[in-house]
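Each chain is listed here by its residues.
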Amino acid sequence: QVRAGDVTRLLVTKPLPSNFVRMYDLTRPRTAISSFISECGGVPCDAELPSFVMADRYDNINSTSVGVALVNLVPTANNRGAEIRGVRTANIIAGRATFSEITITCPGLAYRLEMRYRRWLYSSLSTEARDVVQLSLPFDVVPAPPRLESVRWADTYTTVLFEFDRATNRGNMDLASDCSDFLSGIAKRDTNGKWIFHPICNAGTEGPTCEITRILGESFPPVCSWPEARTLKMDLGSNAQLLDDDFIFLKHDRAGPVQIRVEIDIEGKLLSSPVMDPPKTIGCNATHCPISPVGGYPVARNDKLTRVFLDMGAEISGQGVTDAAQFEYRGARTLAVANKCTTSATYLSKECGAYSAQRAVVISTLNFDLLLPQMLTSLTKVQSIPAIGAVDIEAFVLVSDPSAAAHFLAVARNSNGVSKMHSVDVYAATKSLPFSIFQSFATNGALSVKYAEYGQQDYLLIAQEVGNASLLRWQAGYFTTDPVTNEYLFIKGLFKKIRSIRPTGFPSGLSHHFSDGYWILVVTNYKSLTETCQAATCSGDGLSYRTAVDFHQLGAFSTIASFEPYPDSVNQDICTSFAWSLASRYATITLADMSAPTLEYINKVGTYLRVGAETVRVIDPAVAQESLVGLDGFKDPMEVHFDHMEQSPNTLRLGAQKNGPEGWFRVPEGYREAWWTLPGDRARVTKLSRLLEDILKVELVRASAPAATDLNADGIDDLVLGTHDGRLLAYLNLGNGSFTAMDPA
């Protein structure tokens, strides 16, 4: 009887030297899970997956299912820098192990896999010395197929360029040839905005489809040639109708005359990749595209950037500019530049070599030519901000707090050459004062700081080399009463941390995106926290630099179709759907789009939602109905205080005194109820404006947008004024330099 412990030899059944093993391109979307999947009759199959069977000391096949199989890449001089990726363990089933998710990252010759059988995986007996090991036969790994990166116009706009990510074999097209061997069709929009698909027929074919493809020029078919191994050019005929953003589709005929591959020569042996596989055409048939032309390549405009060299001064004369941010600052286009190193030799650091750590972020205005406004001519230095080791800068303006500073600049500081225990510093500037330090957040090797506006709120996102990423939200400034002096104080707004995000690796960067109703945080990692390196040589701590990108959902959002509060004012007999004030305790919200992320939150009773600057809670409609009945006809006791304010002959002053002089009014703590008593939003705006006038000593309630017209047909221009609260006031010209208000009737 054969037992599991009798396994003494492994018989490696795959891969064989004749098997077709392809390199896995880490820069491409993950469409395949194995480098060993080949094609059987044009369809991917797993006939060549790495596998082994077990045998005992007498060469009998062992059919046990006890234990686990492991696989690794044998390091040799031929595969230096290559890594084996995927699931490197497999279950033993009836004495056989198959590795179905293994990829190899580099092409090369004579690769070998090391396969192991280990009876105990998590035990004191699970040591390499007890493993049964066998190497596979040598096999070659071919390159990944080429990828078409862009389709764009050439400078002359009579030629279309197809640009690939790597040098190709030119598709066996050594000379200029017919493009119809390469093209499948073209999608264009008609006058109604509908996509129409125009098929490309083969050369020499007569018929209506060939007439349609005259859009590529009268000398159809167009001519294709390769000016160099990465670029295929298509010369159009005269009167071509191809336009920007039209879609070009490529053929999927792998047996056709054009087979574009990547070929590399290693030690005299030619390794050829699979044929380039264009994306499948989705949504288009032989005549039209009912949806959008998925699978085609849009023809891009030939836009170019012109490089301009400008002197930034001595502070930016070193090496290693780390970041730059352009923003509007006091009516001018402004540029902030951070440089990690300077030419000063007063401080030598490991990271900067013979240069010292940067000690400033330089802010300059951009100067443009008067005759050519798009041409940048020079920079004018505005300010230099101390910022040792700055690696990322972010300029922004707050939207949620009008009392905040006019401009903000966040600077992530990574290292001074000795220590990474620095901070992300936030600087603020008013309309008249320059940037000065406003707030700092301690970090361990700060990498990135990003600003986000979400739900009419302001956020900062921070990533660091060691530790969690942070999400901070702006808390707006507010008035309060000093508990000792009873004086009114204003507490300035600031950013407060509301969430930590744990990365899966050692972070290298951070960004955020709004997509399909989600707010998504993306954290990139440059090295794994746990996975070991499997290359022939590994540096440092031996951890793999192949790692993942983390996607975190920070929130979900939706557009409100209608917002119907109840009630807006107790002085109104009916509910209105166009007004919402602090008085509204309940409202019916109708969403314009009921997407999955929205439903995930809003369908739960008790969930808190942010609507504009207000926080609302989802409640049971039955509970709300009981409370609404009691609100009908309710009169707030604070209403008399507002009447007193209106009738007071003295100038209105705000104060916290309990027994102050005549005319003083102590703001009620139940301000929502007091606000509620005003007859509508127009009255509330007027009341608030007059209160602010007394506090700020600035006239707010004033007429605006005057216009002159003859209202009563007497030949003399009269006056019309638009007010701050949306009213129109008309005044008749009496002809003697004075005006009188026109009767509203």
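Residues numbered from 1 in each chain as written. Predicted model: local features only at pLDDT ≥ 70, side-chain atom pairs only at ≥ 80, totals over all residues. Heavy atoms only, no water.

### Description of the overall build of the protein chain
Note the following rule: Secondary structure elements follow DSSP: runs of H or I no shorter than four residues count as helices, runs of E no shorter than two count as strands, and numbering proceeds from the N terminus. Throughout, exposure labels follow a simple rule: accessible area from a 1.4 Å probe, protein chains only, divided by the maximum for the residue type, with under 20% read as buried, over 50% as exposed, and the rest as partly exposed. Between two residues, a contact is recorded if the distance between any of their heavy atoms is within 4.5 Å. Note that accessible areas follow from Shrake-Rupley with a 1.4 Å probe, and for residues the cover is restricted to the protein chains shown.
Counting its secondary structure elements, the protein chain contains 6 helices and 56 strands. Put simply, the protein chain has 745 residues, and 40% of those count as buried. Counted over contacts in the protein chain with a minimum sequence separation of 6, partners at least 24 positions apart contribute 56%. Total accessible area on the protein chain is roughly 40500 Å²; 54% of this is exposed by carbon and sulfur atoms.

### So, the state of the cysteines
What counts here: Disulfide: a pair of cysteine sulfur atoms within 2.5 Å of each other.
One pass over the structure, following the stated rule, counts 1 disulfide. Here C179 pairs with C224 through a disulfide, and the sulfurs are 1.9 Å apart. In this structure the cystine formed by C179 and C224 twists about its S-S bond by roughly 120°; its chirality is therefore right-handed. Taken together, the positions of C179 in the loop between strand 18 (177–178) and strand 19 (183–189) and C224 in strand 21 (residues 223–228) put the pair 45 residues apart, joining distant regions of the chain.

### Some remarks on the packing of aromatic side chains
This is how the line gets drawn: Centres within 6.5 Å make a pair out of two Phe, Tyr or Trp rings, where for Trp the six-membered ring is used; the pair is then stacked when the planes are under 30 degrees apart, edge-to-face when over 60, and tilted otherwise. Ring-over charges, as used throughout, are those where CZ of Arg or NZ of Lys falls within 6 Å of the ring centre and within 35 degrees of the ring normal.
Applying the stated rule across the entire model yields 24 aromatic pairs. On the basis of an interplanar angle of 65° and a centroid distance of 5.7 Å, the ring pair of F36 and F139 is categorised as edge-to-face. Highlighted residues: F36 in the loop between strand 2 (21–22) and strand 3 (38–40) and F139 in strand 15 (residues 139–142), separated in sequence by 103 residues. The exposure class of F36 is buried, given its relative accessible area of 0%. The buried category is assigned to F139, whose relative accessible area is 1%. Look at Y329 and F435: their rings are 5.1 Å apart centre to centre, the planes differ by 25°, and that puts the pair in the stacked class. Separated by 106 residues along the polypeptide, Y329 in strand 28 (residues 321–329) and F435 in the loop between strand 36 (423–429) and strand 37 (436–442) bring together distant segments of the chain. As far as the burial class goes, Y329 and F435 line up, both buried. The structure contains a cluster of three or more aromatic residues connected by ring pairs, namely F396, F408, F438, Y451, W474 and F495. Its guanidinium or amino end placed over the ring of F506, K527 lies 5.1 Å from that ring's centre, counting from NZ or CZ.

### With respect to the sheet that holds strand 45 (residues 518–528)
Here is the rule: Following DSSP output, two strands are said to pair if at least two bridges run between them. Convention adopted: a line fitted to C-alpha atoms gives each axis, helices being fitted over their contacting stretch, and angles between N-to-C directions are expressed from 0 to 180 degrees.
What the 3 strands build is an open sheet, ordered 44-45-46; its pairing is antiparallel. A single partner strand is all that each edge strand has here, and the edge strands are strand 44 (505–515) and strand 46 (549–556). Geometrically, the sheet is characterised by an average inter-axis angle of 20° between neighbouring strands, direction not taken into account. Pairing analysis gives 7 bridges linking strand 45 to strand 46, with the strands arranged antiparallel. In the strand pairing of strand 46, V522 is matched with F551.

### Digging into unusual backbone geometry
Note the cis peptide between K14 and P15, where omega equals 5°. The phi dihedral of R170 is positive, around 60°, even though this residue is not glycine. Residue classification places R170 among the partly exposed residues on the basis of a relative accessible area of 28%. Despite not being glycine, N239 shows a phi value in the positive range, around 60°. Positionally, N239 belongs in the loop between strand 22 (231–235) and strand 23 (247–250).

### Some points on the confidence of the model for the protein chain
The test is simple: pLDDT is a residue-level measure of predictor confidence that goes from 0 to 100.
Across the protein chain, pLDDT averages 76, with 70% of residues at or above 70. The model gives residues 343–351 a pLDDT under 50, and that stretch makes 21 contacts with residues more than four places away or in other chains. Predicted confidence is poor over residues 353–357, with pLDDT under 50, and the contacts of this stretch with residues over four places away or in other chains come to 22 contacts.

### Some words on the pairing of strand 44
Along any regular strand the residues' side chains alternate between the sheet's two faces. Alignment of strand 44 against strand 45, held across 10 bridges, turns out to be antiparallel. The partner of S515 across the bridge, within strand 45, is Y518. Adjacent in sequence and paired antiparallel, strand 44 and strand 45 are bridged by 2 residues, among which D516 carries a positive phi angle near 50°.

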